[in-house]
Amino acid sequence: MINNINYSDDYYRSATGQFDFFLFSRYMSEYLSKFIYLSEHRNVLASPLTHLLSIGLLSIGSMVLVKVILKKYSKLGLIASVILGLSPYFLENMSYKFDSIFMTIALVAPIFSFLFLRRKLAFIFVSILCMQLTLTTYQAGNSAFLMLSLFAVLDGILAGRKPSQTLKLIGVLIFSYVCAFLIYRFFVMQTVDNYTSNEIFSLDQAYEGIKGNLERVYEYYRFTFRKTVFVSIFIAGVLMFFLAAVKTAKINKILAAIFTICFIVLGLLLSYGAYLILVKQLFFSRMFMGAGVFLAIIFIFSLKFEVKFLSFLPKFVACVLAYSLIVQSYAYANAMKEQAQYARYRVELALQDFNKIVPAGEKFGFNSIFGADLRSPAAVTAAKTFPIIAQSDIFNINWLYWAYDLHKWHEVWAPGLCMQEGKKEVKRIQTPLHTLIRYDNNCVSIIFTPLQG
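These remarks concern the structure in this document.

Rules and cut-offs
- Residues numbered from 1 in each chain as written.
- Predicted model: local features only at pLDDT ≥ 70, side-chain atom pairs only at ≥ 80, totals over all residues.
- Heavy atoms only, no water.
- Phe/Tyr/Trp six-rings, centres within 6.5 Å; stacked < 30°, edge-to-face > 60°.
- Helix = DSSP H or I, 4+ residues; strand = E, 2+ residues; numbered from the N terminus.
- Buried < 20%, exposed > 50% of the residue type's maximum accessible area, 1.4 Å probe, protein only.
- Salt bridge = Lys/Arg side-chain N within 4 Å of Asp/Glu carboxyl O.
- Axes fitted to C-alpha atoms, helices over the stretch in contact; angles between N-to-C directions.
- Parallel < 35°, antiparallel > 145°, perpendicular 65-115°, else oblique.
- Left-handed = near helix turned anticlockwise from the far one by under 90°.
- Contact = heavy atoms within 4.5 Å.
- Nonpolar A, V, L, I, M, F, W, Y, C, P; charged D, E, K, R; others polar.
- Pairing = 2+ DSSP bridges.

Let us look at the packing of aromatic side chains. Inspection of the entire model under this criterion finds 28 aromatic pairs. Aromatic pair Phe 22 and Tyr 31: ring centres 5.8 Å apart, planes at 70 degrees, arrangement edge-to-face. Aromatic pair Tyr 37 and Phe 98: ring centres 6.0 Å apart, planes at 65 degrees, arrangement edge-to-face. Of this pair, Tyr 37 sits in the loop between α2 (27–36) and α3 (49–70) while Phe 98 sits in the loop between α6 (91–95) and α7 (100–113), and the two are 61 residues apart along the sequence. Here the two residues Tyr 37 and Phe 98 agree in accessibility, since each one is buried. Ring-pair connections join several aromatic residues into one group, and the members of that group are Tyr 89, Tyr 220, Tyr 221, Phe 225, Phe 230, Tyr 272, Tyr 275, Phe 283 and Phe 288.

Put into structure tokens, the structure is as follows:
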């Protein structure tokens, strides 16, 4: 909000006015867009309205999450819950001007349903509705339901509930989750198969496929957390969580320790949600919503660790966590600003030569502007401290295609020209920052020179 940077698809949606959510079966995103912008026909850029709405929803979601976990409201619990919205993996979600509100709805909706957990029939009904809201706004939010389901089972076991009660709870949770997906699959979802797909593994592919996805999830977590302060904070939080669970347990302490370890392991494994069973998906940070919910559960529940002379530890860890997340979010925002300014500077210089080399009134095409190495030194440095920045879309300059409307000459723009073989170079403009090559079929290649170092 501070830097007011259009992020990724924001340029496309603001330039065309298209909603374009139906493609991925995000029907509620489509309809809510029309409601938010009071327009049935086109999107309109109304930032920071969507961000303010997202912040409001995240605040409510944090309050509900604290209530679900601690069974009461707590100021320190709210501080620990900051990771729900400022999770390293949710920063990208909040970066979108158009999508952020719908991604936030997808995250918060499953959390809300757990307020009804004590009334099983009400919970089944509400959770299925909330999951439909999630699946039709941003499907990655399904992992939030899984994380809270795991915690609900652990919480019941630690409270000393009978095995039959625990099994009944597990049955209710599984039924609600599966039923929601079956309704979505057979009555809502449309098949998608382009750069991503909603095809699931067949039974004979399931083991190797899910194993491969879990390995990629692990590598993603390892990359984004390596050499950061979050490693130490995470270890401290998990330790406090473990001690709090064992200390407050009303069952055998050894069993409590075993079940708590199982929760931690399963939480990490399932934090990617239902995407684990997909044949082809994208491993972008915006899809790891479950990680933020899992971490929020860890740090909120750890506040139950109250031991004489040591009760300050979980409170201290929660405060350090919140501060570190705020630092990271500002670093993320400033990296976006620096990158956008630098990329715009480079592209505007190239476009000056582009306009000289493009033939007037003739068919032309262009390529090579996508994926160019236009990395701002300041943004690269920030990414070394917070690797999650390197995984975001800020280094992807596809948005410049829409920002500068390079296809505005639609009468003469022919995108297929550059795919033709056998073309010959007829003109070249070369500078220290870029090279433009025009071919005999009027294809123009824009090649950016990466800075050294």
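Our focus in this paragraph is the pattern of salt bridges. Applying the stated criterion across every chain, the model contains 7 salt bridges. Across the pair Arg 222 and Glu 219 runs a salt bridge whose closest N-O atoms are separated by 3.0 Å. One end of the pair is Arg 222 and the other is Glu 219, both in helix α11 (residues 203–225) and 3 residues apart, which spans about a single turn.

Closest axis-to-axis distance for the helix α13 (residues 253–270)/helix α14 (residues 289–301) pair is 9 Å, and the angle between their directions is 155 degrees. Relative to α14, the element α13 lies roughly antiparallel. Handedness of the α13/α14 crossing: left-handed. Facing Phe 263, Ile 264, Gly 267 and Leu 268 of α13, the residues of α14 in contact are Phe 294, Ile 297 and Ile 298. Of the residues that constitute the contact of α13 with α14, the class distribution is 6 nonpolar, 1 polar and no charged.

Moving on, we come to the pairing of strand β4 (residues 443–448). Where burial is concerned, most of β4 is hidden: 5 out of the 6 residues are buried. Taken together, the 3 bridges between strand β1 (residues 365–367) and β4 define a ladder with parallel strand orientation. Note on β4: the bridge partner recorded for Phe 366 is Val 444. Across 5 bridges, strand β3 (residues 434–439) lies against β4 in antiparallel orientation. Among the inter-strand pairings, Thr 435 is bridged to a residue of β4, identified as Ile 447. The turn joining β3 and β4, which pair antiparallel and follow one another in sequence, is formed by 3 residues; a positive phi near 70 degrees is taken by Asn 442.

With that settled, the discussion passes to the packing of α3 against α7. Taken N-terminus to C-terminus, the directions of α3 and α7 make an angle of 15 degrees; their axes are 9 Å apart at the nearest point. With respect to α7, the element α3 is oriented roughly parallel. For the pair α3 and α7, the crossing hand works out as left-handed. Of the residues in α7, those in contact with Thr 50, His 51, Leu 53, Ser 54, Leu 57, Leu 58, Gly 61, Val 64, Leu 65 and Val 68 of α3 are Ser 100, Ile 101, Thr 104, Ile 105, Leu 107, Val 108, Ile 111 and Phe 112. A class-by-class count of the residues in the contact of α3 with α7 yields 12 nonpolar, 6 polar and no charged.

In short, the description is geometric, and any link to function would need to be established separately.
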